[in-house]
Structures are given as C-alpha cells and as structure tokens.
Amino acid sequence: MKYKKVMAGVMAAVFTFSMTSPVWAGQEADGVVKSETVYVKADKTGKVKETIVSDWLQNIGDKKTIEDTSTLNQIKNVKGEETFTRGNKGAVNWKANGNDIYYQGTTDEEIPIKLTASYWLDDKKIKPEKLKGKSGQLKIKIITENTEDTPFTVLSMMTIPSDQCKNVSVTNGKVIADGKNEIIAGITMPGLAKQLDIDQFDNKDLSSVTIKCEIQDFEPVSIYSVAMNGLLNDIDFNDTDELTDMLDTLKNSSKQLVKGGKQVSSGMNSLSAKAKEYTDGVQKYIDGVNTYKNGVAKVSSGLNQLASGSMDLVSGSDSVASGAKTIDNSMAELASSMAQLQSGAGQVSSGIATLDSQLAQAQASLAEKASELETKKSQVESLIQTQTALMNATEDEQTKQVLQSSIETEQALLSELSSSSQTISSTLSTIRSYTGENGSLRNGAAQVAAGMNTATAGAKKIKQGTKTLAAGAEAVSNGAGSLSSGLQTAKNGTDQLSKANGTLEKGGKKLSSASGQLNSGIAKLQNGSDQLTQGLMKFDKEGISKGADTVGDLFDKLDSVIDQDAEYNNFSGISKGMDGEVKFIIELQ
C-alpha cells in the first residue's frame, strides 16, 4: 500500500511535466507518436538491478500496420490482443488494426542518467542497509550524472514518516509536511553548467541534492527520481541576430573612437612642437626690444653719440623687423595646427554621440526580448494554473503536496530567467553610464572643448600682439632711415622713438603673458588628450569587446543546448520519421 502511494506521487509529477502535449511534426492524419517510459530499479546506492521499458504507440492515423524499431527483449503487449513480428535491425511490425499499441520489454542498456546515493550518520559514512532502527544526524547526497549532450531535468523524491525525522532540509528543492509525513523533493540539471561552459548557477550545484535530518528509529525508504528532457524547447533564442549585429557595430564604433583618440594625441604632439617654436620667437622678440631700448638710450645721451651709432641703430631695427616676420609666420603655422586639433575634437564628440545612440538601440532591442520572455513566462504560468486546478481537483493530500512542490520549482525557474534578462539590461546600463550626458567619456570631450576655447582665445591675443609688433618694427625702420638725414632730424626721431619704447615694451609684456597662457593651455590639453585616449582603449578592451564577446558566446551555447534538447526523443529505438518522447523513472530501493 505504501509503495502504491509513493508511486502515485511519482506518477503525478510525471503527469505534471507531460500534461501539456507538444505539437509533433508527425501528429498529422497518418502519423504515429512513440511515448516511452523507462522504469529502473536500483539498490539504495544507485546500482541498477533491472530496467523495464513501457512504450505507447499513439496511432493517430488509425493505421492497420505500425512499423516500429526497438532494441528491447521480451516484448509483450500489455493492453490489447495486437500481435507483432520482428524484422532486421530491430524492426518490430505491429498489426495495429487502427488501435494504439501499449507494450513492454526489458533491456541491459545503460540509461543516460546515472544516480549515485551516499549516506552519513553523525558525519560518518554508513551503508544504507545498516540504517534500520538507527537514530542521529542523517545526511543523504544524491549525485546525478548525464552521459549525453542532451540537457535532462531530474526530480528526486522520498517520503519519511514525521515521527521518524525532524529538522529536514534539502538543497535545490523543497520539504513538504502533511502532518504524518515529510515529503522531500529536489531537482537537478546534470551537465547543464558544463554544456554552457559556466561554473555554477547563482552559486548552486545543479548536479546533486543533499538531504539532512535528525532521525529516530529510522526505517529506510525508497528514493524515486523522474528524469526528462525537452523543458528548454519552448525557449527561442534564434531571434538574437539583431542584437548580435548591434554588438558588432558597438565594437566597431569603439575601435573608431580609440583611433580618433590617437589622432587627437598625435595632433597635440605637433601643436606642442609648434608652440616651442613660437616661444623661441617671442624670446627673440623680447631680446630685440631690449637691444632697441639700449640703442634709444644711447641716442638720447647726445647727438654726437647718436650720429656715431646711427648705423648700429639701423642694423638693430632690421633685426627687429626680421624677428617680427618670424613670429608672424610661426603664428600662421600655429593656426593651422589649432584647426587640426579642433577637427579631431569634433570627431571624438561625434563618435561618443554615435556610440551612445547605438547603446540606446541595444537597450530598446533588449526590451523587445524582455517582452518575448514575458510571453514564455505566461505560457509557464498557464501550466502552473493547470497544475493548480489538478491539485484542487484531487483528494489525495500527498499528490497535492507533490504538485505544490512542482509549482514552486517552476516558479523558481521563471525567477532564474528574469534574473538573466535583468543581468544583460544592467550590463548595457553600465556601459551607457560612460557615454551618457554625465559619463566620463562625454565629460572628457567637454574638457577637450574647453581647452580648445582657451587656446583659441590665446591665439587671438597673440595675433593682435604680432600685428602691434610688425607696426612698431616698421616705425623703427623708418626712424632709422630718417636718422641718417641729419642730426636735427635724428633728434626729432629720437623723441619719437622714446615715445615708441613704451608701446613696444607694453606689447612685449602682453606677448609674453599670452605665450604663458598658450603654453599652459596646451599642457592641460595634451594631458587631457592622453587620459582620454587611455580611457578609450581601456573601455574598448575591458568593456565593449569583452562584454560583446561574452554575450555572443552565451547565445551560441544556449542555441546548441536547445537543439540537443529537441533531438533526444527515445531510449530503446524509434522508426525514421516517427516523433517521440521519453522519460525515466528510477527507484532506489
């Protein structure tokens, strides 16, 4: 009687998993679907003792003859009088006469799911047959191993009378108490982490279930496990091409930003070199002004000295004029370099804007995928409603508890799917924090623009100074020529030159101050440019490229796992063109 109650619970779980029949390709007017249940009896450690397979050939097209394939031994019809004949290569031909066929057989073949159970009492390993009548702290660890590439979900259950145990806990599962019994259920997905090439799911080992409890006069009970595939078939990851294309575009745009940053750094190096030439020219100009002032002082000391030194004055004025021309030419080259730098800064700003727009598109696409995920969640929630209705309809309390456990497990799976979607959304938001209005990249570009404004303003001041310098140099040259016409004319010229000295000195101070501002602005701009380039390179390497590659690899692995999940449809054989499904029920007794 106890065996029948536990088996009723197991079958209720199997019915729950399979109650939503898939739409098979072969479910047409003339199709046949093979539904296979593999019953495995093993000892309490998981060593297989017997394997019995039950097959149901759903004769949807009311065929008179069904051509099946099976590797089973001792095949017998368990529900009907239909007969069969064996053929070559495992062929089994049934005279169905329009009926469904239910048959059973045995096999020595190993199933793809291997269960190993180990037992400890008070932290000491113990053989399960020695647990009878024992008391203490019991631990049972059930390890599931998947020998196929197909992802399987394994539900393991056991029922212990409440007067024999207390303080029950289970990993990856639930404990349900009905007043008389402790119903323990755990779920594993062996091999899934390896197939996806990840270490764990949320720090959980999905290949084992560990049960702990305090026992009193313990009577060993059987452990029942149900293994099924096909739970991932309804998840469609084939519509990720658009997101993958966006990630590729994002990577390319990041590379272009790095290239633009390097161009800005190169332009800054050229600007720095030209600024040095300009500074040297300013110094020559100041030296020339000092020489000129000394000359004027000598002229002022007397007409005789002025006459004797008039030739030196002419020579000095020529040097001043030459220096003014040199400075003017350097300013032209400086203006050209500033234009190149301004263009490079524009490319950086444009690139950042493009990148942020593409990130926004990626977020929009992710929102669409979230909508699709909600559709899938609705389907699973519909299944939960059906299970709830079934639970309300049955009067068997144990069956109700098992159904409740299945509902909670499916809700947990829904939570895992939602968590994965939120993780991808969080990653895109983090990336946009760099490119948004207050992001470090955009702020860096703003600093570059501010530096450009400072440099441009300084260049304008310098240009005004060079104009003043040229005018003063011309006045000096004219004055030197007039000096040779006569001492009186030289005296008048000396007076004019004395007045011009103040203008030249003032212009030199302005020019020197503007030169200092220019050098300071260029230094800040060069430092900001280097920081921006390094930041872009690090962002491309550690952020964009790495993140895009990780997301792409995960989609590829998920697609592969789902394809493998759909391909496994039988254990003991199936005819070509026939659709099928298979489940495994394993009893550790």
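Reference entry: report on the structure contained in this document. Note that the structure is predicted; figures quoted are calculated from it, not measured. (Residues numbered from 1 in each chain as written. Predicted model: local features only at pLDDT ≥ 70, side-chain atom pairs only at ≥ 80, totals over all residues. Heavy atoms only, no water.)

Here we come to the overall build of the protein. Looking only at helices and strands, the protein features eight helices and 17 strands. Long-range contacts, defined as pairs at least 24 residues apart, comprise 79% of the intrachain contacts of the protein with a sequence gap of at least 6. Total accessible area on the protein is roughly 30,700 Å²; 49% of this is exposed by carbon and sulfur atoms. (Helix = DSSP H or I, 4+ residues; strand = E, 2+ residues; numbered from the N terminus. Contact = heavy atoms within 4.5 Å. Areas by Shrake-Rupley, 256 points an atom, 1.4 Å probe, with all protein chains shown as cover.)

To continue, consider the sheet that holds strand β10 (residues 136-146). One open sheet accounts for five strands, arranged β9-β8-β10-β15-β12; its pairing is antiparallel. On the outer flanks of this sheet lie β9 (124-125) and β12 (165-170), each paired with one strand and no other. Summarising the sheet, β12 and strand β15 (residues 208-215) pair through four bridges and their orientation is antiparallel. The residue of β15 that forms the bridge with Val 170 is Ile 211. (Pairing = 2+ DSSP bridges.)

Another aspect to go through is the pattern of salt bridges. Pairs may arise between side chains of opposite charge once their charged atoms sit close together. Scanning all chains against the criterion turns up four salt bridges. A salt bridge links Asp 68 to Lys 34, with the shortest nitrogen-to-oxygen separation between them at 3.2 Å. Note that Asp 68 is positioned in strand β3 (residues 65-69) and Lys 34 in strand β1 (residues 32-42), a separation of 34 residues in sequence. Among the residues examined, Lys 34 registers a relative accessible area of 1% and is labelled buried. For the salt bridge of Lys 132 with Glu 219, the shortest nitrogen-to-oxygen distance reads 2.7 Å. Of the two residues, Lys 132 sits in the loop between β9 and β10 while Glu 219 sits in the loop between β15 and β16 (223-228), which places them 87 residues apart along the sequence. For Lys 132, a relative accessible area of 54% corresponds to the exposed category. When its relative accessible area of 34% is taken as the criterion, Glu 219 is described as partly exposed. (Salt bridge = Lys/Arg side-chain N within 4 Å of Asp/Glu carboxyl O. Buried < 20%, exposed > 50% of the residue type's maximum accessible area, 1.4 Å probe, protein only.)

We now examine the packing of aromatic side chains. A full pass over the atoms with the stated rule returns six aromatic pairs. Note on Phe 84 and Trp 94: the rings are 4.7 Å apart at their centroids and 45 degrees apart in plane angle, and the pair reads as tilted. Taken together, the positions of Phe 84 in strand β5 (residues 84-86) and Trp 94 in strand β6 (residues 91-95) put the pair 10 residues apart, joining distant regions of the chain. Look at Phe 84 and you get partly exposed, because its relative accessible area is 27%. Relative to Tyr 568, the ring of Phe 152 lies with its centre 5.4 Å away and its plane at 75 degrees, an arrangement referred to as edge-to-face. Linking Phe 152 in the loop between β10 and β11 (153-161) with Tyr 568 in the loop between α8 (487-567) and β17 (579-588), this pair joins segments that are 416 residues apart in sequence. You can call Tyr 568 buried: its relative accessible area is 14%. Taken together, Phe 152, Tyr 568, Phe 571 and Phe 584 form an aromatic cluster joined through their ring pairs. Over the face of the ring belonging to Trp 120 we find Lys 139, whose NZ or CZ atom lies 4.4 Å from the ring centre. (Phe/Tyr/Trp six-rings, centres within 6.5 Å; stacked < 30°, edge-to-face > 60°. Lys NZ or Arg CZ within 6 Å of the ring centre and 35° of its normal.)

We now examine empty space enclosed by the protein. If you walk through the whole model with that rule in mind, you get six cavities of 30 Å³ or more. Lining the second largest cavity, in full, are Lys 44, Tyr 119, Pro 128, Leu 131, Ile 140, Met 158, Phe 218, Pro 220, Val 221 and Ile 223. Looking at the lining of the second largest cavity, its residues break down into nine nonpolar, no polar and one charged. (1 Å grid on protein atoms, 1.4 Å probe; cavity = no way out; pocket = protein on both sides within 12 Å on 5 of 7 lines; lining within 4 Å. Points joined across faces, edges and corners; volume = space filled by probe spheres on them. Nonpolar A, V, L, I, M, F, W, Y, C, P; charged D, E, K, R; others polar.)

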